[in-house]
Amino acid sequence: MKEVRVLCVCGMGFGTSLMLFMNVQDLGKKYGVKVTGEACDLGSYKGRPCDIIIASNEIASQINGDGKPVLAIRNLIDTSELENQVKPYFE
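Bear in mind that the values here come from a model prediction, so they are computed numbers and not experimental data.

Things to note about the environment of R74
And step 1. By secondary structure assignment, the location of R74 is in the loop between β4 (70–73) and α3 (79–90).
And step 2. For the pair R74 and Y89, spaced 15 residues apart in sequence, the C-alpha separation works out to 19 Å.
And step 3. With residues up to four places along the chain from it excluded, the contact list for R74 reads N57 and E81.

Okay, here's the thing in structure tokens:
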């Protein structure tokens, strides 16, 4: 089973980022991918191990992924947008 390490980032580290992380985990189940990682706040994302970083559109513009893809989600409630962005990393 493929494994993808995901870091979800928001302003405080337990609202939006946690919701995003749980949605990504659900999508991982759909695609047969084990999703590991965590949700964290904007001030502490640097240096955490991950394959991709996911954040809201506003927060993503403040993130330097150091070579890791940073996915900016415009509509946090629209899981199809999230799915369209993470699907290439799950295949």
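Some remarks on the pattern of salt bridges
And step 1. Applying the stated criterion to the full structure yields three salt bridges.
And step 2. Across the pair D51 and R5 runs a salt bridge, and its minimum N-O distance is 3.5 Å. Within this pair, whereas D51 is found in the loop between β2 (33–41) and β3 (52–56), its partner R5 is found in strand β1 (residues 2–10), the two being separated by 46 residues in sequence.
And step 3. Among the residues examined, R5 registers a relative accessible area of 34% and is labelled partly exposed.

Cut-offs applied
Residues numbered from 1 in each chain as written. Predicted model: local features only at pLDDT ≥ 70, side-chain atom pairs only at ≥ 80, totals over all residues. Heavy atoms only, no water. Helix = DSSP H or I, 4+ residues; strand = E, 2+ residues; numbered from the N terminus. Contact = heavy atoms within 4.5 Å. Salt bridge = Lys/Arg side-chain N within 4 Å of Asp/Glu carboxyl O. Buried < 20%, exposed > 50% of the residue type's maximum accessible area, 1.4 Å probe, protein only.

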